[in-house]
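Here is what each chain is made of, one letter per residue.
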Amino acid sequence: MKRTYGWKEAALDLLFPRRCPVCDGIIEFGQGDICKSCIGKVNPIRGPVCMKCGKPVTAQKEYCYDCSRKKHLYQCGTAVFEYKNISSAIYRFKYKGRQEYAVFFGRCMAKKLEGKLKQWKAEALIPVPAHPSRKRQRGYNQAELLAREISARTGIPVYSDIVKRWKKTAPQKDLDDIQRQNNLKRAFKIYKNDVKLNTIVIIDDIYTTGSTIDTMTAVLQAAGIKNVYFAALAIGRGQ
């Protein structure tokens, strides 16, 4: 998809060329948000998925192994890509300063969410917050960048100041399920909820076991938000 350029954006792209979110190569000016050689290399999830979390499953299953044995607090969720297919891209997006990837990834998420946002009657998008020290270190919160790109394409507003991350947690990728739950205890707090919302969608980059989404859901539900869904850029395969 080619981009529409204003003069300021065009000047920035000439001075600081965008990087392809798939191969990290430089994208030619005016070409779009992914290079020509990578179009079609990363495909979204197709086929049967878990009815709760959206992980790909075999055709005979309604729920993945995790969701069949664990009661999640959120209503349900969806994801765009299998994590193994874009793990290197997410690493660069999250840890190597490639915040421009959010344009392509946000567009993919908005396309995936188009029908679901109407079905869910979503009133707001809430990105998983980063701890202030981590946000300062990276310079941005990747979940918030994704949420803002989705909002620009769907019209659903982003509320990034309702939930704050008060506790600096260890990276979830290094922990098992029990450790993840303990790691996230008292990690999130409601900062303010001046706008009364009934239905929101949590936005995150990766869904693994659901511990982060469940912890946030508990906080949001305690604040009176009844219906909580989630959308992730990437997710693992269900067993």
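Described below are features of the structure shown in this document. (Residues numbered from 1 in each chain as written. Predicted model: local features only at pLDDT ≥ 70, side-chain atom pairs only at ≥ 80, totals over all residues. Heavy atoms only, no water.)

## Here's the deal with the overall build of the protein chain
Looking only at helices and strands, one finds eight helices and six strands in the protein chain. Taken from N to C terminus, the helices and strands of the protein chain fall in the order α-α-β-α-α-β-α-α-β-α-β-β-α-β. Within the protein chain, buried positions represent 48% of all 239 residues. Here the analysis covers contacts within the protein chain between residues at least 6 apart in sequence; of these, 73% occur between residues at least 24 apart. Accessible surface, the protein chain as shown: approximately 12600 Å² in total, 51% of it carbon and sulfur. (Helix = DSSP H or I, 4+ residues; strand = E, 2+ residues; numbered from the N terminus. Buried < 20%, exposed > 50% of the residue type's maximum accessible area, 1.4 Å probe, protein only. Contact = heavy atoms within 4.5 Å. Areas by Shrake-Rupley, 256 points an atom, 1.4 Å probe, with all protein chains shown as cover.)

## As for helix α4 (residues 101–120)
With 20 residues, α4 should cover 28 Å at 1.5 Å per step; its first-to-last C-alpha distance of 27 Å lies within 8% of that length. The sharpest bend along α4 reaches about 50° and sits at Leu113. Trailing α4 by a residue or two, Lys121 shows a phi angle of about 60°, which is positive. (Expected span 1.5 Å × (residues − 1). Bend = angle between axes of the 7 residues up to and from the residue.)

## So, the environment of Ile34
By the element assignment, Ile34 lies in the loop between α1 (7–15) and α2 (65–69). Measuring from C-alpha to C-alpha, the distance between Ile34 and Arg19 comes to 7.7 Å, with 15 residues separating the pair along the chain. Excluding residues that lie within four positions of it along the chain, Ile34 makes contacts with Cys20, Pro21, Val22, Ile27, Ile39 and Phe104.

## With respect to the side chain of His72
Inspection of the secondary structure assignment puts His72 in the loop between α2 and β1 (77–82). The class of His72 is buried, set by a relative accessible area of 5%. Within polar-contact distance, the side chain of His72 engages the side chain of Asp214 at 2.7 Å. (Polar contact = N/O pair within 3.5 Å; in protein donor to acceptor, adjacent residues only side chain to side chain.)

## Considerations on the pattern of salt bridges
The tally for this structure, following the rule as stated, stands at 10 salt bridges. The partner of Arg237 in a salt bridge is Glu82, with the nearest N and O atoms 2.9 Å apart. Of this pair, Arg237 sits in the segment after β6 (227–235) while Glu82 is found in strand β1, placing the two residues 155 residues apart along the sequence. Judged by relative accessible area, which is 47%, Arg237 ranks as partly exposed. On the basis of relative accessibility, which here comes to 12%, the residue Glu82 falls in the buried class. (Salt bridge = Lys/Arg side-chain N within 4 Å of Asp/Glu carboxyl O.)

Just distances and angles here, no functional claims.
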